[in-house]
Amino acid sequence: MNRFSGRVAYVLGGGSDGPLRPGDALPMGNGRAMAMRLSAEGAHVVVGDLDLGRAEETVAHLPGGSGTAVQVDAADPDSCRAAVAVAMADAGRLDAVVCNVGISGREPIKVQSLEDWDLALDVNVRSHWLTAQAALAPMLEAGAGAFVFVGSTAGMWSSRRSMSYEATKAAQLGVMRHLAVRYAERGIRSNAVVLGNIDSALVRREFGDDGSARRGAVVPMRREGSPEEAAAAVAFLASDDASYVTGQSLVVDGGVSAAWPSPPPVAG
Ligand SMILES: NC(=O)c1ccc[n+]([C@@H]2O[C@H](COP(=O)([O-])OP(=O)(O)OC[C@H]3O[C@@H](n4cnc5c(N)ncnc54)[C@H](O)[C@@H]3O)[C@@H](O)[C@H]2O)c1
């Protein structure tokens, strides 16, 4: 497939760190896998990350070979806007924006500080609004553009882990829907992938390197998803294959949200 030939995509949060999956040459997070998938399908990919070295590592591994790394702090409004300007200047157009960056507030509600709450809000919601705002001008001028927001099932159902994560991931879907409805008739589409358990560098960092089978056991498919499977859903929503899809949340969770409770394995 070459759905992004001649197109430019910007992936906010396209680096990745943490433990490797067995057999991988580099740590694979969702953002990195998304950048690589868009590149494999022909896009010039601008990779934004707080950690410039990791963004550069992603760009060095882009299968399509065409990309640029840019340092961006999603918690800083000027930095969010400047990164979009770099993406535009880089190739003179901007066809798809993937807002992948997301952090999990670490402090439980009873003791959570204002700073911790604000950081989650700034990175998980405000940065996505600002990035979309900056990208809208050139997209509206071109009469086309696609946003894909990387959400979480935590934005729809509580896992009782982190309230600020759940609240900000829910708010992120509000940003996604508003853009979709407000600009639908001007050629802009806006959607979200809502991820469940993905065997990514993020999850291995937070929950341990060796628990993939255990984490997958609660999923009807009996396994975690992969960053590449998350990336495939993003590529679909960003592409013309989704030309009549906007304002939607595509849940990528191996069936978790379709089952209550998740059924135990059955023989036969
Ligand atoms: N892995 C899962 O199981 C899972 C589940 C649900 C949702 N998600 C969502 O996936 C997304 C992230 O996935 P990932 O695997 O790419 O995670 P990740 O932790 O690897 O993060 C991607 C990048 O974001 C960068 N980053 C962190 N803070 C930043 C900041 N302030 N400014 C700019 N960049 C910053 C990191 O440096 C990292 O390279 C999030 O939106 C998360 O909510 C993941």
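Residues numbered from 1 in each chain as written. Predicted model: local features only at pLDDT ≥ 70, side-chain atom pairs only at ≥ 80, totals over all residues. Heavy atoms only, no water.

1. Some details on the packing of aromatic side chains
Alright, step 1. Under the defined criterion, the tally for this structure stands at one aromatic pair.
Alright, step 2. With a centroid separation of 6.2 Å and 20° between ring planes, the pair formed by Phe147 and Phe149 is classed as stacked. Residue Phe147 shares its accessibility class with Phe149, and that shared class is buried. (Phe/Tyr/Trp six-rings, centres within 6.5 Å; stacked < 30°, edge-to-face > 60°. Buried < 20%, exposed > 50% of the residue type's maximum accessible area, 1.4 Å probe, protein only.)

2. Concerning the pairing of strand β1 (residues 8-12)
Alright, step 1. Counting buried residues in β1 gives five out of five residues, a clear majority hidden from the surface.
Alright, step 2. Every second residue of β1 is oriented toward a common face, with Val8, Tyr10 and Leu12 on one face and Ala9 and Val11 on the other, all of them buried.
Alright, step 3. Pairing between β1 and strand β2 (residues 44-49): five bridges, direction parallel. Residue Val8 lies in a different strand from β2, and its bridge partner there is His44.
Alright, step 4. Each parallel crossover has a hand, and the one from β1 via helix α1 (residues 30-40) to β2 is right-handed. (Helix = DSSP H or I, 4+ residues; strand = E, 2+ residues; numbered from the N terminus. Pairing = 2+ DSSP bridges. Right-handed = clockwise from strand over helix to strand, strands pointing away.)

3. Describing the site of the ligand
Alright, step 1. Not every one of the 30 residues close to the ligand is listed here, only the nearest: Asn30, Asp49, Arg54, Asn100 and Tyr165.
Alright, step 2. One nitrogen or oxygen atom from the side chain of Asp49 is found 2.6 Å from an oxygen atom belonging to the ligand.
Alright, step 3. Alone, the ligand offers 840 Å² of accessible surface; in the complex the protein occludes 93% of this.
Alright, step 4. Of all the secondary structure elements, the ones that give two or more residues to the shell around the ligand are α1, β5 (145-152), α5 (163-183) and α6 (201-207).
Alright, step 5. Residues belonging to the shell around the ligand are distributed by class as follows: 12 nonpolar, 13 polar and five charged. (Near = heavy atom within 4 Å. Polar contact = N/O pair within 3.5 Å; in protein donor to acceptor, adjacent residues only side chain to side chain. Areas by Shrake-Rupley, 256 points an atom, 1.4 Å probe, with all protein chains shown as cover. Nonpolar A, V, L, I, M, F, W, Y, C, P; charged D, E, K, R; others polar.)

4. Focus: the pattern of salt bridges
Alright, step 1. Evaluated as defined, the whole model comprises 18 salt bridges.
Alright, step 2. With its nearest N and O atoms 2.8 Å apart, the salt bridge here joins Glu228 to Arg21. Here the residue Glu228 occupies a position in helix α8 (residues 227-238), and Arg21 occupies one in the loop between β1 and α1, the gap between them amounting to 207 residues.
Alright, step 3. Relative accessible area serves as the criterion here: at 13%, Arg21 is assigned to the buried category. (Salt bridge = Lys/Arg side-chain N within 4 Å of Asp/Glu carboxyl O.)

5. Observations regarding unusual backbone geometry
Alright, step 1. Even without being glycine, Arg160 reaches a positive phi, approximately 55°.
Alright, step 2. Here Arg160 shows up in the loop between β5 and α5.
Alright, step 3. For Arg160, a relative accessible area of 80% corresponds to the exposed category.
Alright, step 4. Here the phi dihedral of Arg222 falls at roughly 60°; this positive angle occurs in a residue that is not glycine.
Alright, step 5. Tracing the backbone through its elements, the reader meets Arg222 in the loop between α7 (212-216) and α8.
Alright, step 6. Residue classification places Arg222 among the partly exposed residues on the basis of a relative accessible area of 29%.

6. Observations concerning α5
Since the α-helix packs 3.6 residues into each turn, any two residues three or four apart lie on the same face.
Alright, step 1. Taking 1.5 Å of rise per residue, 21 residues should cover 30 Å, and α5 covers 31 Å from first to last C-alpha, within 8% of that figure.
Alright, step 2. All buried positions along α5 are accounted for by Ser164, Glu166, Thr168, Lys169, Gln172, Leu173, Val175, Met176, Leu179, Ala180 and Tyr183.
Alright, step 3. Here the buried face of α5 lies against β4 (96-99), α4 (114-142), β5, β6 (188-195) and β7 (249-252). (Expected span 1.5 Å × (residues − 1). Contact = heavy atoms within 4.5 Å.)

7. So, the sheet that holds β2
Alright, step 1. As summarised here, the arrangement of the seven strands in space is β3-β2-β1-β4-β5-β6-β7, forming an open sheet in which the pairing is parallel. Taken across any chain shown, the strands that pair with only one partner, and hence form the sheet edges, are β3 (67-71) and β7. When strand polarity is set aside, the average angle formed by the axes of neighbouring strands in this sheet is 15°.
Alright, step 2. Judged from the four bridges that link them, β6 and β7 form a sheet pairing that is parallel. In the strand pairing of β7, Val193 is matched with Leu250.
Alright, step 3. Relative to the sheet, helix α2 (residues 52-60) contacts β2 and β3, its axis offset from that of β3 by approximately 170°. (Axes fitted to C-alpha atoms, helices over the stretch in contact; angles between N-to-C directions.)

Shape descriptors only; they carry no functional weight alone.
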